[in-house]
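Here's the letter readout for the chains.
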Amino acid sequence: DKGVYGTFMRVIPSDADVARSVCAFWSRYNYEHAAILFTDDTYGEAYKEGILSGCRELGITGIETFSFTPESSQSISIAVQRIADSKIKTILLVALQGVLPQIVADAV
């Protein structure tokens, strides 16, 4: 209601808040090992660091990281294969739209 809340606008949580929430979820369900599959850019790197920091605060240290270049199908395939080889079953994808179809295709 704009009459009552004239200056209210949509609030988007920070990446750090989302990272802490992911780590809290993993901690709550006793996930000791997980993977972060992230884009090899400023966005992906910052998000990865936020997750690692948040998880360290909660004592979760079994996080492995795998980066890929979104413009490179080969880079995506290699990262997905590395995760498969690691046998990790809990994976967080940090990427913008467009790469999920190939990641899923490579994973199955």
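Residues numbered from 1 in each chain as written. Predicted model: local features only at pLDDT ≥ 70, side-chain atom pairs only at ≥ 80, totals over all residues. Heavy atoms only, no water.

The next thing to look at is helix α2 (residues 42-57). The terminal C-alpha atoms of α2 lie 23 Å apart, and with 16 residues this matches the ideal 22 Å at 1.5 Å per residue to within 8%. Inspection of α2 places G44, Y47, K48, I51, L52, G54 and C55 among the buried residues, and these make up the whole buried set. For α2, the buried positions fall inside an angular range of 170° around the axis, keeping them on one side. More than 90 degrees from the buried face of α2, the exposed residues found are T42, A46, R56 and E57. Buried positions along α2 lie against α1 (15-28), β1 (33-39), β2 (62-68) and β3 (91-94). With a side-chain oxygen positioned 3.3 Å from the backbone nitrogen of Y43, the residue opening α2 is D41. Once α2 ends, the next one or two residues include G59, with phi positive near 80°. (Helix = DSSP H or I, 4+ residues; strand = E, 2+ residues; numbered from the N terminus. Expected span 1.5 Å × (residues − 1). Buried < 20%, exposed > 50% of the residue type's maximum accessible area, 1.4 Å probe, protein only. Arc of directions from axis to C-beta. Contact = heavy atoms within 4.5 Å. Polar contact = N/O pair within 3.5 Å; in protein donor to acceptor, adjacent residues only side chain to side chain.)

Another aspect to go through is the packing of helix α3 (residues 73-86) against helix α4 (residues 100-107). Two elements in contact, α3 and α4, have axes whose closest approach is 9 Å; the angle formed by their N-to-C orientations is 45°. Judged by the inter-axis angle, α3 sits oblique to α4. Of the two possible hands of crossing, α3 and α4 adopt the one that is right-handed. Of the residues in α4, those in contact with S73, I76, S77 and V80 of α3 are Q102, I103, D106 and A107. Here the residues of the contact of α3 with α4 sort into 4 nonpolar, 3 polar and 1 charged. (Axes fitted to C-alpha atoms, helices over the stretch in contact; angles between N-to-C directions. Parallel < 35°, antiparallel > 145°, perpendicular 65-115°, else oblique. Left-handed = near helix turned anticlockwise from the far one by under 90°. Nonpolar A, V, L, I, M, F, W, Y, C, P; charged D, E, K, R; others polar.)

Honestly, that's just the spatial picture; any functional story needs more than this.
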